[in-house]
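Structural characterization, general
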Amino acid sequence: MKEIIKLALRNLKEHKSKSIIISLFILFGVAIVILGNSFLESINRGLEKDFRSNITGDIAVCAIPPKGVSVDVFGASSMEITSSQPQIPALMDIDTVEKIIAETDGVTKYSRMISAQVMLSKGIEFDFSALEENDDADFSDIPFSMLFAGEKDSYWELFPDLNMIEGRYPQAGTNEIIVDTRVMDGFKKIYKEDLQLNDNVLLANMNGTIREAVVVGFFKPANEYSAMFQSIYSTPELARAFADLTYANSFSQELPDTVDLGISNMSEDDLFGDNDFFGDIEDDESILGSTTDFDSILGDTTLRDELNKTDDGAWHFILAKLENPHMDKKTVAELNKIFKEKDLAAQAMDWKKAALSYSGTVAGIGMIFNVLIVILAVVVFIIIMNTMVVSVIERTSEIGTMRAIGAEKKFVKRLFSAETLILTSLSALFGIVFAFFCMAIFNACHIVITNSIAKMILGGGLLHFTPTWEIILVTIIITLIGSLLSNLYPVKSALKVTPLKALSKE
């Protein structure tokens with residue numbers, strides 16, 4: 001083996017130009033793969049840390065949504081085209097579900113939460129004209145926010161890192177809110193007016209719900225580079241109005257098969273002919289001035305009014321943190337098994353599924369990048385193989401000489417394999433050094449993006465590289481295997497040439 005390595009090193013030195021060409025392809029290929037995967041690793045780690053610590057916890061439990069609807073902490077979405085925006089359903093039997101979570105091994109903290117989407121305005125009515133007239137504003141400036149509300153103090157114990165800049169937390173039973181400073185900045189840019197403490201504002205959602213609220217505090221996200229969209233925190237009472245958490249949301253009543261309106265036996269002449277079915281309206285009597293009780297037409301509306309009230313006990317999620325966050329998938333499986341056994345309409349999710357609106361985007365980018373990496377690897381290996389084919393063809397006489405003096409095919413294969421391994425290993429090593437050099441320079445620049453859409457796509461505002469030993473090890477292994485495979489065909493072709501024919505070639 002020692003002699004083979006010496007011969008391999010001598011051959012690489014003698015064919016210096018081709019060795020350098022192949023080395024450069026491998027070097028830059030390895031560097032690109034490491035840089036790309038380190039960037040994706042940084043995005044995934046930053047997103048995971050941010051959402052686990054501040055938004056979703058390690059585990060989120062919610063109601064099982066209707067078929068065709070997906071749910072995360074940022075809302076519900078449907079693949080079907082509907083006239084109304086789907087809502088996150090209320091979590092039923094929440095006390096039973098919470099008890100199961102509390103008794104689950106590894107759960108350290110948990111809290112209930114409500115999630116909704118709102119827009120913020122100021123004044124006696126919601127003014128949309130300012131959004132159209134302001135050419136300087138972009139999408140990220142629109143005061144459209146996520147509205148979160150947690151259960152009393154347990155929610156802030158679950159997420160204690162919120163950075164309060166001014167004011168205080170909302171008090172229970174009020175319409176008080178605390179506002180992200182990004183909402184405050186966007187509000188000023190859109191409406192040309194400052195948003196200050198104790199200001200009365202209007203909150204509205206896409207379904208037409210409008211409520212008054214009082215701003216009692218301003219905060220910055222715990223992670224200043226967070227990919228999370230701007231948010232507002234309120235009391236549960238206020239959040240339920242926007243989350244469609246009314247008594248009707250969980251009310252079920254069977255309707256009769258037929259409804260007798262008292263007109264089923266009437267003919268068309270009875271209904272639309274010249275008769276007194278609808279009564280006579282005198283010429284000098286207006287409808288508005290009539291003493292007729294038109295409300296009586298609706299009948300008793302007591303049940304309707306009660307069902308439209310917000311359900312004080314309704315919640316969307318129970319969020320939990322684990323003693324060992326890496327046990328989240330196992331804990332999710334255990335909880336879902338218990339929910340199914342007890343016939344509870346609840347499902348547990350890990351942080352990634354609970355933040356699918358964001359993690360799904362990053363996962364999509366990662367998939368696209370990996371496809372590009374595979375294409376790049378295939379192209380690089382084809383180039384390397386073609387270069388090796390040319391190199392081996394030029395060395396046909398050398399192979400014939402070795403065969404003529406007694407070298408077996410096995411020896412020749414080992415020699416070329418040794419050359420490939422040595423060349424690939426050294427090139428990969430230099431590629432790793434080059435990648436780390438590039439990452440050190442880039443990370444030192446501390447590049448930050450502020451565009452909210454770009455932050456959502458890239459999983460955060462800080463552009464950073466986070467290499468891991470797993471990335472480096474996998475890259476080296478794949479590079480070595482690929483180089484050996486690309487070397488098989490040219491060596492096999494050269495060994496088919498007989499020693500006599502090889503020696504006859506110039």
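Structure's up top.
Before going further, it helps to examine the overall build of the protein. Each helix and strand counted, the protein has 17 helices and twelve strands in total. The burial tally for the protein puts 41% of its 506 residues in the buried class. For the protein, the accessible area works out to roughly 29100 Å², and carbon and sulfur atoms hold 58% of it.

We now examine the side chain of Ser359. Structurally, Ser359 can be placed in helix α12 (residues 356-394). Ser359 has contacts with Leu47, Trp351 and Lys352, leaving out every residue within four places of it along the chain.

A word on the nonpolar core. Counting 45 residues, the largest nonpolar core has Val61, Val97, Leu120, Ile177, Leu203 and Phe339 as its most contacted members. Among the elements that take part in this core, strand β4 (residues 107-121) stands out by supplying five residues, more than any other. Excluding its chain neighbours within four sequence positions, the residues that come into contact with Phe339 are Val61, Val97, Ile100, Leu344, Ala346, Gln347 and Ala348. Within the second largest apolar cluster, 35 residues are counted, among which are Val73, Met113, Met349 and Ala354.

For the rest of this paragraph, the subject is helix α1 (residues 2-14). The end-to-end C-alpha distance of α1, which contains 13 residues, comes to 19 Å, matching closely the 18 Å that a straight helix rising 1.5 Å per residue would cover. Where α1 is concerned, the buried positions are Ile4, Ala8, Asn11 and Leu12. Down the axis, α1 shows its buried residues gathered within 100° of arc, on one side only. Away from the buried face of α1 by more than 90 degrees, exposed residues Lys2, Glu3, Lys6 and Lys13 are located. On its buried side, α1 packs onto α2 (16-54), α13 (396-404) and α14 (409-445).

Okay, the packing of aromatic side chains next. Counted according to the given criterion, the structure contains 15 aromatic pairs. Arranged with centres 4.8 Å apart and planes meeting at 55°, the rings of Phe74 and Tyr358 form a pair that is tilted. Of this pair, Phe74 sits in the loop between β2 (69-72) and β3 (75-78) while Tyr358 sits in helix α12; the two residues are 284 residues apart in sequence, bridging distant segments of the chain. Assigned by exposure class, Phe74 and Tyr358 land together as buried. Judged by centre distance (5.9 Å) and plane angle (40°), the ring pair of Phe148 and Tyr233 falls under tilted. Here Phe148, found in strand β5 (residues 144-150), pairs with Tyr233, found in strand β10 (residues 231-234); they are 85 residues apart in sequence, far enough to count as distant. An aromatic cluster of at least three residues, connected via ring pairs, comprises Phe51, Phe74, Phe148, Tyr155, Trp156, Phe159, Tyr169, Phe219, Tyr233, Trp351 and Tyr358. Over the aromatic face of Trp315 sits the side chain of Arg240, whose NZ or CZ is 4.8 Å from the ring centroid.

Here we come to the pairing of β2. By the bridge criterion, four bridges tie β2 to β3 in an arrangement that is antiparallel. Bridged to Ser70 within β3 is Ser77. Linking β2 to β3, which pair antiparallel, is a turn of two residues.

A separate point is helix α16 (residues 469-495). Here α16 is 27 residues long and its end C-alpha atoms lie 39 Å apart, about the 39 Å a rise of 1.5 Å per residue gives. Most pronounced at Leu488, the bend in α16 amounts to some 30°, and the proline Pro490 follows within four residues. By the burial criterion, the buried members of α16 are Ile471, Ile472, Thr475, Thr479, Gly482, Ser483, Ser486, Asn487, Pro490, Val491, Ala494 and Leu495. Of the surrounding elements, those touching the buried residues of α16 are α2, α12, α13 and α14.

By the criterion of burial, β5 is predominantly enclosed, with six of the seven residues buried. Relative to β5, β4 is paired through seven bridges, and the arrangement is antiparallel. Looking at the pairing, Ser115 lines up with Phe148 of β5. Relative to β10, β5 runs parallel, the two being bridged by three bridges. What sits directly across from Phe148, in β10, is Tyr233.

The subject of this paragraph is the environment of Glu212. Position of Glu212 among the secondary structure elements: in strand β9 (residues 210-220). Judged by its relative accessible area of 57%, Glu212 falls in the exposed class. Counting along the chain gives 37 residues from Glu212 to Asn175, while the straight-line C-alpha distance between them is 7.1 Å. Beyond its immediate chain neighbours, meaning those up to four positions away, Glu212 contacts Asn175, Val201, Leu202 and Leu238.

Attention now moves to the pattern of salt bridges. Within the structure shown, the criterion is met by ten salt bridges. The closest approach of N and O atoms between Arg52 and Asp58, which form a salt bridge, is 2.9 Å. A salt bridge links Asp180 to Arg182, with the shortest nitrogen-to-oxygen separation between them at 2.7 Å. Exposure remark for Asp180: the relative accessible area of 0% places this residue in the buried category. Given a relative accessible area of 24%, Arg182 falls into the partly exposed group. One continuous salt-bridge network, built from bridges that share partners, spans Glu48, Arg52, Asp58 and Asp328.

The subject of this paragraph is the side chain of Lys321. Mapped onto the secondary structure, Lys321 falls in strand β11 (residues 317-322). Buried and without a salt bridge, Lys321 has Asp161 as its closest oppositely charged side chain, separated by 6.0 Å. A polar contact is formed between the side chain of Lys321 and the backbone oxygen of Ser53, at a distance of 3.4 Å. Among the polar contacts listed, one links the side chain of Lys321 to the backbone oxygen of Leu158, at a separation of 2.8 Å. Discounting residues that sit within four places of it in the chain, Lys321 has contacts with Arg52, Ser53, Gly57, Asp58, Gly106, Val107, Thr108, Lys109, Leu158 and Phe159.

Rules and cut-offs
- Residues numbered from 1 in each chain as written.
- Predicted model: local features only at pLDDT ≥ 70, side-chain atom pairs only at ≥ 80, totals over all residues.
- Heavy atoms only, no water.
- Helix = DSSP H or I, 4+ residues; strand = E, 2+ residues; numbered from the N terminus.
- Buried < 20%, exposed > 50% of the residue type's maximum accessible area, 1.4 Å probe, protein only.
- Areas by Shrake-Rupley, 256 points an atom, 1.4 Å probe, with all protein chains shown as cover.
- Contact = heavy atoms within 4.5 Å.
- Core = buried A, V, L, I, M, F, W, Y, C linked by side-chain atoms within 4.5 Å.
- Expected span 1.5 Å × (residues − 1).
- Arc of directions from axis to C-beta.
- Phe/Tyr/Trp six-rings, centres within 6.5 Å; stacked < 30°, edge-to-face > 60°.
- Lys NZ or Arg CZ within 6 Å of the ring centre and 35° of its normal.
- Pairing = 2+ DSSP bridges.
- Bend = angle between axes of the 7 residues up to and from the residue.
- Salt bridge = Lys/Arg side-chain N within 4 Å of Asp/Glu carboxyl O.
- Lys, Arg positive; Asp, Glu negative; His and termini not counted.
- Polar contact = N/O pair within 3.5 Å; in protein donor to acceptor, adjacent residues only side chain to side chain.

Interpretation note: all reported values are geometric properties and have no functional meaning in isolation.
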